[in-house]
Each structure stands twice: as C-alpha cells, then as structure tokens.
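Per-entry structural report
So you can see what is in the structure, the chains are spelled out below.
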Amino acid sequence: MNSIRVRLGVLGLALLTGFTTPTAASAAQAAPSPTVEEQRLGRAAPQEILRRSGFDTAAPRLARALEGVRSYGEARRAVGREGARLWQRAVDRAQGRGPAGGDLSRDDDRPLYWARLGMTRDVRTWEPEFGLTDGQRAALLDELERASRGQDAIRYPHGRGMKRILLTGFDPFTLDRDIRISNPSGATALALDGAVIETADGPARVETAVFPVRWQDFTDGTVERALRPHLPKVDLFTTVSQGRVGRFDIERTNGAWRGGFGDNDTIGRTETVPVSDPASQPQWTTTTLPYAAITAAQTGRFPVYDNTSVTEIPAGGTESVVRPDGPTPGSTARAGGGGDYLSNEIAYRATLLRDRLGLHGTLPGGHVHTPVLQFAAGNTTEVTDPEFVRNRLDIIAQVRAILKVAAETS
C-alpha cells in the first residue's frame, strides 16, 4: 500500500506554498486508524478463511484500483465497483457459480465479511495525493459498505405473476468470544439472493441484503435507507438473525430498547432506539408474518416457535418484568421477543417503517431467529468441520421452507 500513500513531494509543496493557502492534500485530515473490527483481520483464523476461499485477493484488487485514481470522483466509482463485485462474487460462490477459490464450503458467509473488512481498512487508511476530507472518506466507506452488502442491488423483475420477497441477514458477531464464528443469517442471504421459490400460488423471487453488527450504523439510518424504497413494492419481508440454540423463533413483538451489549467495534448503547420523529415512536411493534402457519408446518429438523415473550416496565412501575404473553398496555420496552440487541432493533425498525408507510394491514413482515450455528463437539480450533457445514446448510434450507410457507399463506 506504500504506493498509494502521500508522497514526500506533496509535503514539500505544502511547505513551499506556506500554510495560509493550503493545498488539497494539506487541507485534508489525516487518515484515521483501522477500527476495532478491522484490527481483528490480522489474526490467524480470518487469514485462513480468506486464503481457503480465494477471497484474499479482494482487498489487494481494490488497492490496485485506488493506485490509479486521480480524483475523489474516480475513487468513489472504484470503491462502488469493487464493492458490488465482492457482493456478486460472494453470491455466486454461495450458489455454485464460478470457481470455489479453495476448499472452504461454498455456503460460508465469512469470506465476504473478512474481505469487506480488508477493503474498508484500506479505504479508511488511504492517503491519496489529491487529499480527502473526513466527509469524502466517510462517503467512500458508505459507498463500499452499501455495495458490498447488496443493499443497492435489490431489483425485482417487472410485471405481474411473481411474488416479491425481501430478506435481510447479518455479519458474524461476538468475534472476541470466538473469531471463527459464522452467521447463518448472512449465509442465508447469500444463498437466496435472486432465488425463485416455487409456491402453490406461483413463483416468488427473493432479494437479499446484509447489515453490520454496529450500533452507529443503525443510528445513522442504514436500515431505513435500504428498505424504504422496497417495502411498498414487495409482498413479504423478513429480517433474519442468529438466535437461540437448537430452535427457530418467529418473534411476535419488537421493543424500542437497546440493552447495551457490545457490537463488533466493542461499543455498547443503552437507550431508547433512536428513530426519526421520536414523538410518535411506539414502544412496541408486532409481526405480520403468518406465524401460526409457519410454526405448524414441517419446515426442517429444527423446531419453530411462536415467541410471544417480552420484558417491560409496566405502566406506573419502575422495575423490569418478563411477560410471557406480550406487553401490557402503556408499558415501556426493555426487550422484545428477540432481546435488546441489533436483532430486535432491525425487526423494530423494519416493522416500524412498514407501519409508518401505512402497510401494517397489507404487508406481511417480521423477524425470524435461526438456531445458533454450532461447530462439532470438541472442535475448538478448526475454522470448519462437516457438522458445522451440515448445520449451516440445514438452517439455510429451513429458512427457504419458512419463506415458502409464509408466501403461500399471506
């Protein structure tokens, strides 16, 4: 990366011209350091995952592209192009198109995650000769994030006769607990992007996107920005995340509360979920997925539950109370059925957006929690094993079956 750092000649030019009329390079702020999330990239497991999938070439490819740019506009086009290329490459690999790039199972979501971090790290620390302001660097990172997550590639065929389903997944998380972690919701998003599910009512096209496990991105409105253009046009949506061991849950109620657990940058937030127009913000939102039909159907080897539990502060009270049958009138949210982390928050934001768009009575949507993706017993060091792969494939297949039931009964 030395060839895309600031050259000594730029510093000399700044000194010769003086500091009262700064050059673009000297006016730009110094490049920030890698984030906590990006710093994990140098550990052995991420490097093995990248090497065994062939995704270790993604960040160097972006670096080479940046070497040739001569303006901010060119840089923005380059990061958008390479971000979109990374997303499509991950989707193609998961769906069996093109070379596998190595012996890691094709259904693995982790190559996309770690390759993206290599790319964002390079953009974050890049010091081009023409200089970057903080705002320009943030815009480049935003362009890269959206493109490499499929958020700006959601497109459905025109015309009638095909239902439209929107599904979202997440990055791996709790990486300081186990750096090898994969997220089956992200793997499901890759496996189903562009897939057509045959239902009793005809075909249904699935489009997907993946979201970060970072509080600040949600505060900045990444969910609403990605979903708002599409919710009025789809027939069904579901946000998906990893939940409990050995079971699926259809989360009946979502709460407007952040419980403070550290995100992928080890930052916690304990507060009401921040949204636009907080004066009209409800404490609770509800699923409109056909939960009764989903839980009654045989969709796979894992049991599927209609989860109605929440944690609330009752009206007039001060202490939190667990309510197995949902919230009571006038209560304050402390956890939805999906908890008080970003799984609950994406469900809350998506269903609140549905309601604010006037679609509560017409658009089925809500949250599905998958089982925890587990390694084989005794595997504490290897990045994969046959049971780990089987569990992930079974979860993906069961999410697909759940979507089929939901589409047929909505």
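In what follows, the structure referred to is the one given above.
For the structure given in this document, a descriptive report is provided here. For clarity, every value in this text was computed on a predicted model and none was experimentally measured.

**Side note on the nonpolar core**
Core analysis: the largest hydrophobic core is formed by 65 residues, its most contacted members being Trp-114, Val-123, Leu-167, Phe-248, Ile-294 and Leu-403. Sequence-distant contacts of Val-123, that is, excluding residues within four places in its chain, are made with Leu-62, Leu-66, Val-79, Arg-137, Leu-140, Leu-141 and Leu-144. In this structure, Tyr-156, Ala-209, Val-213 and Val-234 belong to the second largest nonpolar core, which totals 23 residues.

**So, the pairing of strand E14 (residues 365–370)**
Burial within E14 is extensive, with 6 of its 6 residues counted as buried. One ladder, built from 6 bridges, connects strand E4 (residues 236–242) with E14; its direction is parallel. Among the inter-strand pairings, Phe-237 is bridged to a residue of E14, identified as Gly-365. Looking at chain direction, strand E5 (residues 248–251) and E14 are connected through 3 bridges and run antiparallel. Opposite Asp-249, over in E14, you have His-369 as the bridge partner.

**Some details on the packing of helix H7 (residues 110–124) against helix H8 (residues 134–148)**
Here H7 crosses H8 at 165 degrees, and the two axes come no closer than 10 Å. With respect to their mutual orientation, H7 and H8 come out roughly antiparallel. In the packing of H7 onto H8, the handedness of the crossing is right-handed. Counting all contacts with H7, which are made through Leu-112, Arg-116, Met-119, Thr-120, Val-123 and Arg-124, the residues of H8 involved are Arg-137, Leu-140, Leu-141, Leu-144, Glu-145 and Ser-148. Considered class by class, the residues forming the contact of H7 with H8 number 6 nonpolar, 2 polar and 4 charged.

**Quick word on the environment of Arg-349**
With respect to the helices, strands and loops of the structure, Arg-349 is situated in helix H13 (residues 342–356). For Arg-349, a relative accessible area of 2% gives the class buried. With 76 residues separating them along the chain, Arg-349 and Val-273 place their C-alpha atoms 8.7 Å apart. Not counting residues within four places of it along the chain, the set of residues in contact with Arg-349 comprises Phe-218, Thr-219, Val-223, Glu-224, Arg-258, Val-273, Pro-274 and Val-275.

**Re the sheet that holds strand E11 (residues 310–313)**
Strand order in the open sheet formed by 3 strands is E12-E11-E13, with antiparallel pairing between adjacent strands. Each having just a single partner strand, strand E12 (321–323) and strand E13 (332–335) make up the two edges of the open sheet. Put simply, the sheet's adjacent strands are angled 45 degrees from each other on average, direction ignored. With 3 bridges connecting them, E11 and E12 associate as antiparallel partners. Following the sheet pairing, Thr-311 is matched in E12 by Val-322.

**Quick word on the sheet that holds strand E1 (residues 163–170)**
Strands sit in the order E2-E3-E1-E4-E14-E5-E10 across an open sheet of 7 strands; the sheet is mixed. Of all strands in the sheet, those with a lone pairing partner are strand E2 (196–199) and strand E10 (304–307), marking the two edges. Adjacent strand axes in the sheet meet at a mean angle of 25 degrees, parallel and antiparallel pairs treated alike. Contacts from H13 reach E1, strand E3 (202–211), E4 and E14, with the element oriented near 170 degrees to E4. Across the sheet, helix H14 (residues 386–409) is in contact with E1, E2, E3, E4, E5, E10 and E14; its angle to E2 comes to roughly 50 degrees.

**Considerations on the pattern of salt bridges**
Tallied over the full model, the rule gives 36 salt bridges. In this structure, the salt-bridge partner of Arg-252 is Asp-306, at a minimum N-O distance of 2.5 Å. Taken together, the positions of Arg-252 in the loop between E5 and strand E6 (253–255) and Asp-306 in strand E10 put the pair 54 residues apart, joining distant regions of the chain. Residues Arg-390 and Asp-394 are paired through a salt bridge, measuring 3.6 Å at the closest nitrogen-oxygen approach. Pair noted here: Arg-390 and Asp-394 are both in helix H14, with a separation of 4 residues, about one helical turn.

**Here's the deal with the packing of aromatic side chains**
In the structure shown here, the tally under the stated rule is 9 aromatic pairs. Measuring from ring centre to ring centre gives 6.1 Å for Phe-173 and Tyr-341, while their planes differ by 45 degrees; the resulting arrangement is tilted. On the criterion of sequence distance, the pair formed by Phe-173 in the loop between E1 and helix H9 (184–192) and Tyr-341 in the loop between E13 and H13 is long-range, its members being 168 residues apart. Among the residues examined, Phe-173 registers a relative accessible area of 15% and is labelled buried. On the accessibility criterion, Tyr-341 (12% relative accessible area) is buried. When the ring of Phe-261 is compared with that of Tyr-341, the centres are 5.1 Å apart and the planes differ by 90 degrees; the resulting orientation is edge-to-face. Linking Phe-261 in the loop between strand E7 (257–259) and strand E8 (270–272) with Tyr-341 in the loop between E13 and H13, this pair joins segments that are 80 residues apart in sequence. Ring-pair connections join several aromatic residues into one group, and the members of that group are Phe-173, Trp-215, Phe-261 and Tyr-341.

**Observations regarding H7**
The α-helix advances 3.6 residues per turn, and as a result positions three or four apart in sequence lie on the same side. The end-to-end C-alpha distance of H7 is 21 Å, a good match for the 21 Å that 15 residues give at a rise of 1.5 Å each. Most of H7 sits inside the fold, with 14 of its 15 residues counted as buried.

**Details of unusual backbone geometry**
Where the residue is not glycine, phi is negative for most of them; where a peptide bond is considered, it is trans in most cases. In this structure, Thr-174 takes a positive phi of about 50 degrees despite not being glycine. Relative to the elements of secondary structure, Thr-174 occurs in the loop between E1 and H9. The residue Asp-277 is not glycine, and still its phi comes out positive at about 50 degrees. In this fold, Asp-277 is placed in the loop between E8 and strand E9 (284–286).

What counts, and at which threshold
Residues numbered from 1 in each chain as written. Predicted model: local features only at pLDDT ≥ 70, side-chain atom pairs only at ≥ 80, totals over all residues. Heavy atoms only, no water. Core = buried A, V, L, I, M, F, W, Y, C linked by side-chain atoms within 4.5 Å. Buried < 20%, exposed > 50% of the residue type's maximum accessible area, 1.4 Å probe, protein only. Contact = heavy atoms within 4.5 Å. Helix = DSSP H or I, 4+ residues; strand = E, 2+ residues; numbered from the N terminus. Pairing = 2+ DSSP bridges. Axes fitted to C-alpha atoms, helices over the stretch in contact; angles between N-to-C directions. Parallel < 35°, antiparallel > 145°, perpendicular 65-115°, else oblique. Left-handed = near helix turned anticlockwise from the far one by under 90°. Nonpolar A, V, L, I, M, F, W, Y, C, P; charged D, E, K, R; others polar. Salt bridge = Lys/Arg side-chain N within 4 Å of Asp/Glu carboxyl O. Phe/Tyr/Trp six-rings, centres within 6.5 Å; stacked < 30°, edge-to-face > 60°. Expected span 1.5 Å × (residues − 1).

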